[in-house]
Amino acid sequence: MTLGRLVKLSCAISLVLFLVLAALSKGWLEPDGALIFDSRLGGYTLAEAQAYLGMLDAGQKQLYLGWFRWLDTVFPVLLTFFLSGVLWGQAPGVHPAMRLSLLIIPAAYLVMDLVENALVADMLHSAALDAETVTLASGFTMAKWSFLALACAICLWAWRWAPKQRARSGL
């Protein structure tokens, strides 16, 4: 299978996983419209985390720690592969060292998301939240979204504006 096909496949599976995660969030993990931790782009406070966790029943916590967490681990890996593949494949005129260095951004998104997931799992398991864990998890949530936005912007640059003329002309 070619890189292009793998990138397209990772895009398709990422999209399906995103829709499943959204359905699980909206349907079962957001009581009274309270957003899950992953969806809080601006982060959250200890009081907000305590309020949200207080709304979840045991079944919702089990879903969050079970299927949702598993899917939310696979999703960022596939999304990172997709973003990296777009970045690598859509900027053939850019020096490979530069393209390789830009792959740090999608990789940073992946690390932020996976660490955030681990911290959220700790919060869900915890009998009493501590401010340090919540602040750390909130920071990783905000960092995740920032790196994802930056990765998407770089992919747009690679797709739309990266120097492609040299690659087409063979220079």
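So, how was this worked out
Residues numbered from 1 in each chain as written. Predicted model: local features only at pLDDT ≥ 70, side-chain atom pairs only at ≥ 80, totals over all residues. Heavy atoms only, no water. Buried < 20%, exposed > 50% of the residue type's maximum accessible area, 1.4 Å probe, protein only. Helix = DSSP H or I, 4+ residues; strand = E, 2+ residues; numbered from the N terminus. Contact = heavy atoms within 4.5 Å. 1 Å grid on protein atoms, 1.4 Å probe; cavity = no way out; pocket = protein on both sides within 12 Å on 5 of 7 lines; lining within 4 Å. Points joined across faces, edges and corners; volume = space filled by probe spheres on them. pLDDT = per-residue confidence, 0-100. Expected span 1.5 Å × (residues − 1). Bend = angle between axes of the 7 residues up to and from the residue. Polar contact = N/O pair within 3.5 Å; in protein donor to acceptor, adjacent residues only side chain to side chain.

Topic: helix 1 (residues 3–29)
- Within the sequence span of helix 1, burial applies to V7, S10, S14, L17, L21, L24, S25 and L29.
- Check the buried side of helix 1 and you find it contacts helix 2 (46–55) and helix 3 (58–89).

Here we look at the layout of surface pockets
- Roughly 340 Å³ of internal volume is contained in the largest pocket.
- Along the walls of the largest pocket sit 19 residues, with F18, D38, S39, F75 and W145 positioned nearest its centre.
- Mapped onto the lining of the largest pocket, the elements with two or more residues apiece are helix 1, helix 3, helix 5 (104–125) and helix 6 (131–160).
- Among the elements that make up the lining of the largest pocket, the one with the highest residue count is helix 1 (5 residues).

Concerning the confidence of the model for the protein chain
- Confidence in the prediction of the protein chain, expressed as mean pLDDT, is 94, and 95% of residues score 70 or more.
- By mean pLDDT, helix 7 (residues 165–169) is the weakest element of the protein chain at 51, and helix 5 is the strongest at 98.

Examining the environment of T73
- Considering the arrangement of structural elements, one finds T73 in helix 3.
- For the pair T73 and D113, spaced 40 residues apart in sequence, the C-alpha to C-alpha distance is 8.2 Å.
- Contacts of T73, omitting those with residues within four sequence positions, involve L114 and N117.

Concerning helix 3
- With 32 residues, helix 3 should reach 46 Å at 1.5 Å per residue; the first-to-last C-alpha distance of 45 Å fits that figure.
- The sharpest bend along helix 3 comes to roughly 40 degrees, located at F68.
- Where helix 3 begins, one side-chain oxygen reaches toward the backbone nitrogen of G59, 3.0 Å away; that side chain belongs to D57.

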